[in-house]
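# Understanding the architecture of this molecule
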2 protein chains.
Amino acid sequence: MQIAIVLYPDFTALDIIGPYEVLGRLPGAEVVFVAEDPGLVRNDQRSLSVSPEATLDEVTEPDIVLIGGGPGFFGQLGDGKLHEWLRTVDRTSTWTTSVCTGAPILAAAGLLQGRRATTHWSAFGELERFGAIPAHERVVVDGHYVTGAGVSAGIDMSLTLAGEIAGEETAQMVQLIIEYAPEPPFRAGSIDVAPASVVERARAALG
Amino acid sequence: MQIAIVLYPDFTALDIIGPYEVLGRLPGAEVVFVAEDPGLVRNDQRSLSVSPEATLDEVTEPDIVLIGGGPGFFGQLGDGKLHEWLRTVDRTSTWTTSVCTGAPILAAAGLLQGRRATTHWSAFGELERFGAIPAHERVVVDGHYVTGAGVSAGIDMSLTLAGEIAGEETAQMVQLIIEYAPEPPFRAGSIDVAPASVVERARAALG
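Quick caveat, the model's predicted, so the values are computed rather than measured. (Residues numbered from 1 in each chain as written. Chains lettered and ligands numbered in written order. Predicted model: local features only at pLDDT ≥ 70, side-chain atom pairs only at ≥ 80, totals over all residues. Heavy atoms only, no water.)

Turning our eyes to something else, we now look at the UniProt feature "domain: DJ-1/PfpI" (unreviewed entry) in chain A. According to UniProt, the feature "domain: DJ-1/PfpI" (unreviewed entry) maps to residues 2-161 of chain A in the numbering used here. Helix makes up 28% of residues 2-161 of chain A and strand 25%, whereas the separation of the span's terminal C-alpha atoms amounts to 14 Å. (UniProt positions renumbered as here; feature names shortened; annotations may be inferred. Helix = DSSP H or I, 4+ residues; strand = E, 2+ residues; numbered from the N terminus.)

Let's shift gears to the environment of Val174(A). Within the secondary structure, Val174(A) sits in helix H6 (residues 168-177). Excluding anything up to four places from it in sequence, Val174(A) contacts Glu21(A), Val22(A), Arg25(A) and Leu26(A). (Contact = heavy atoms within 4.5 Å.)

Time to look at the side chain of Thr119(B). With respect to the secondary-structure elements, Thr119(B) resides in the loop between strand E8 (116-117) and helix H4 (124-129). Residue Thr119(B) is classed as buried on the basis of its relative accessible area, which comes to 0%. Within the structure, Thr119(B) has its side chain in polar contact with the backbone oxygen of Cys100(B) (distance 2.9 Å). With near-sequence residues (within four places) excluded, Thr119(B) lies in contact with Glu179(A), Cys100(B), Thr101(B), Ala103(B), Pro104(B), Phe124(B), Leu127(B), Gly148(B), Ala149(B) and Gly150(B). (Buried < 20%, exposed > 50% of the residue type's maximum accessible area, 1.4 Å probe, protein only. Polar contact = N/O pair within 3.5 Å; in protein donor to acceptor, adjacent residues only side chain to side chain.)

Our focus in this paragraph is the packing of aromatic side chains. Applying the stated criterion to the full structure yields 4 aromatic pairs over all chains. Ring plane angle 35 degrees and centroid distance 4.3 Å describe the contact between Phe73(A) and Phe74(A), whose orientation is recorded as tilted. Overall, the relative accessible area of 4% leaves Phe73(A) in the buried class. Note on Phe74(A): relative accessible area 54%, which makes it exposed. With a centroid separation of 5.0 Å and an interplanar angle of 70 degrees, the aromatic rings of Tyr20(B) and Phe33(B) are classed as edge-to-face. Of the two residues, Tyr20(B) sits in helix H1 (residues 13-23) while Phe33(B) sits in strand E2 (residues 30-35), which places them 13 residues apart along the sequence. Residue Phe33(B) is classed as buried on the basis of its relative accessible area, which comes to 1%. (Phe/Tyr/Trp six-rings, centres within 6.5 Å; stacked < 30°, edge-to-face > 60°.)

Each partner contributes residues to the interface: chain B has 67 residues there, and chain A has 67 residues. In total, chain B and chain A occlude about 5,900 Å² of area from one another, counting both sides; carbon and sulfur atoms represent 59% of this. Contact with chain A buries surface across chain B, with Leu176(B), Glu179(B) and Phe186(B) losing the most and accounting together for 13% of the total. Taking the shortest distance from any N to any O, the salt bridge between Glu53(B) and Arg42(A) comes out at 3.4 Å. Seen at the junction of chain B and chain A, the total is 44 residue pairs in polar contact (both at pLDDT 80 or more). (Buried area = accessible area lost by both parts, 1.4 Å probe. Salt bridge = Lys/Arg side-chain N within 4 Å of Asp/Glu carboxyl O.)

Of note, Val151(A) is a non-glycine position whose phi angle comes to about 35 degrees, a positive value. The phi torsion at Asp10(B) lies on the positive side, around 65 degrees, for a residue other than glycine.

The next point concerns the pattern of salt bridges. Residue and element names in this part refer to chain A. Inspection of every chain in the model, using the stated rule, returns 22 salt bridges over all chains. Residue Lys81 pairs with Asp57 through a salt bridge whose shortest N-O separation is 3.7 Å. Residue Lys81 is found in helix H2 (residues 81-92), and its partner Asp57 is found in the loop between strand E5 (54-55) and strand E6 (64-67); the two are separated by 24 residues along the sequence.

Moving on, we come to the nonpolar core. Counting residues in hydrophobic clusters, the biggest one holds 148 residues, and the most contacted among them are Trp85(A), Leu86(A), Trp85(B) and Leu86(B). Among residues more than four places away in sequence, those in contact with Trp85(B) are Ala4(B), Val6(B), Val34(B), Leu56(B), Val59(B), Pro62(B) and Val65(B). (Core = buried A, V, L, I, M, F, W, Y, C linked by side-chain atoms within 4.5 Å.)

Quick look at the relation of the copies chain B and chain A now. Least-squares fitting of chain B to chain A yields an RMSD of 0.0 Å, with the superposition described by an axial translation of 0.0 Å and a rotation of 180 degrees. On the angle and the small slide along the axis, the relation comes out as a two-fold axis. When C-alpha distances to the rotation axis are compared across chain B, the minimum falls at Val50(B), with a value of 2.3 Å. A high fraction, 100%, of the interface residues of chain B reappear at the interface in chain A, so the copies pair face to face through one surface. (Least-squares fit on C-alpha atoms with pLDDT ≥ 70 in both.)

All names here are of chain A. Spatially, E5-E2-E1-E6-E7-E11-E10 is the arrangement adopted by the 7 strands of the open sheet, whose pairing is mixed. A strand with exactly one partner marks an edge of an open sheet, and here the two such strands are E5 and strand E10 (139-142). As defined by bridge partners, strand E7 (residues 95-99) adjoins strand E11 (residues 145-148) across 4 bridges and the pair is classed as parallel. Looking at E11, one finds that Val99 is bridged to Gly148. Where helix H1 (residues 13-23) meets the sheet, it contacts strand E1 (2-7), strand E2 (30-35), E6 and E7, and its direction lies at approximately 170 degrees from that of E1. In the packing of helix H5 (residues 153-166) onto the sheet, contacts are made with E6, E7, E10 and E11, and the angle to E7 comes to roughly 160 degrees. (Pairing = 2+ DSSP bridges. Axes fitted to C-alpha atoms, helices over the stretch in contact; angles between N-to-C directions.)

Inspection of the entire model under this criterion finds 1 cavity of 30 Å³ or more. The calculated volume of the largest cavity comes to roughly 60 Å³. Breaking the lining of the largest cavity down by element, the ones donating at least two residues are H1 of chain A together with H1 of chain B. Its residues assigned to classes, the lining of the largest cavity comprises 12 nonpolar, no polar and no charged. (1 Å grid on protein atoms, 1.4 Å probe; cavity = no way out; pocket = protein on both sides within 12 Å on 5 of 7 lines; lining within 4 Å. Points joined across faces, edges and corners; volume = space filled by probe spheres on them. Nonpolar A, V, L, I, M, F, W, Y, C, P; charged D, E, K, R; others polar.)

By the element assignment, Arg187(B) lies in the loop between helix H6 (168-177) and helix H7 (196-206). Among all residues touching Arg187(B), those that are not within four sequence positions of it are Gln175(A), Val193(B) and Ala194(B).

Our focus in this paragraph is the packing of H6(A) against H7(B). Put simply, H6(A) and H7(B) touch, their axes get as near as 9 Å, and they point 60 degrees apart. For the crossing formed where H6(A) meets H7(B), the hand is right-handed. For the pair H6(A) and H7(B), contact is made by Glu169(A), Thr170(A), Gln172(A), Met173(A), Leu176(A) and Ile177(A) and by Ser197(B), Val198(B), Val199(B), Arg201(B), Ala202(B), Ala205(B) and Leu206(B), respectively. Residue composition of the contact of H6(A) with H7(B), grouped by class: 8 nonpolar, 3 polar and 2 charged. (Left-handed = near helix turned anticlockwise from the far one by under 90°.)

Structure, rendered in structure tokens:
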């Protein structure tokens, strides 16, 4: 089971590392980090550099495709090599998945037309713009598309997917290995529960 | 505020990327991934390679030190360059922190003598062995030491720490940016709640 995880400049690391930690631990999983070009890819914070193991051209039939988000997603909305690759691999993938603002990239590539999908709370407009149906949920499954909400939601998305792929007991085993029994010290993780002042500051920080 | 995050071979990526995503977003944060030697460091799954930005020698007075876990922690329990560095930077750090089996490394370096600390559920024996007081909690603060439980607990650990460093409102802003409103699809993230068969399989998988 080959899992291709897409890297592009200014990606948000947790978007992809959450699901990587889950899906990569499934029996038979073989993960490959792919990028348009060889060479280190730097994240949004500019302090983390990851080395892709293959270029897009070299990975032609992954079973699972995963694309994350981050401020760099804006640069991936135009048609080009990545969109072409996504459209191609999506034809044979068992699952095509995204976290955060990875979903607008899938949508911009034409893959989410009329599909329900979720994304980061700040980016639902981008989903609509490209013909997807915004669903304000943490994890959305529509056909073979699985989308997760912002950043940390990739863990929930991938555990849900792990259950589909390998059965509940195996998904639970992975959950226990990564000790995913969250205890957030604050209640501010969604715009529905965060204080108004916090929402305002987060919007400003996101630009 | 310099934050040094330690890389070593066979690290678990989510251990450090969770806290990185939180602490790196605090005002004035400057993160540097450090390793004993230059060159790519490969994780436990062997499919992710991260490029450190500095060697241990080059980072002498970080404000925050963070070390994660992973199967590679066994190789970091013996005294040597990393332990020496940890003892040195700990003298001036504001916070010395760990996630998962990073705590036994701190303990082995002599930093957690008589301190309460937490670690991955499978590794409490390693904490005790090196003189720390095992505390079966998700996040433990003792003096300027902050330890988190297994893998995903680094997110809770770092949000707790973010509140201490930058105040609750800023920590909540970061929580909202990473949309940390977890909805695990299963209830199996700790040995207290996971079915016995799942615990057994997880223990076997961890070896």
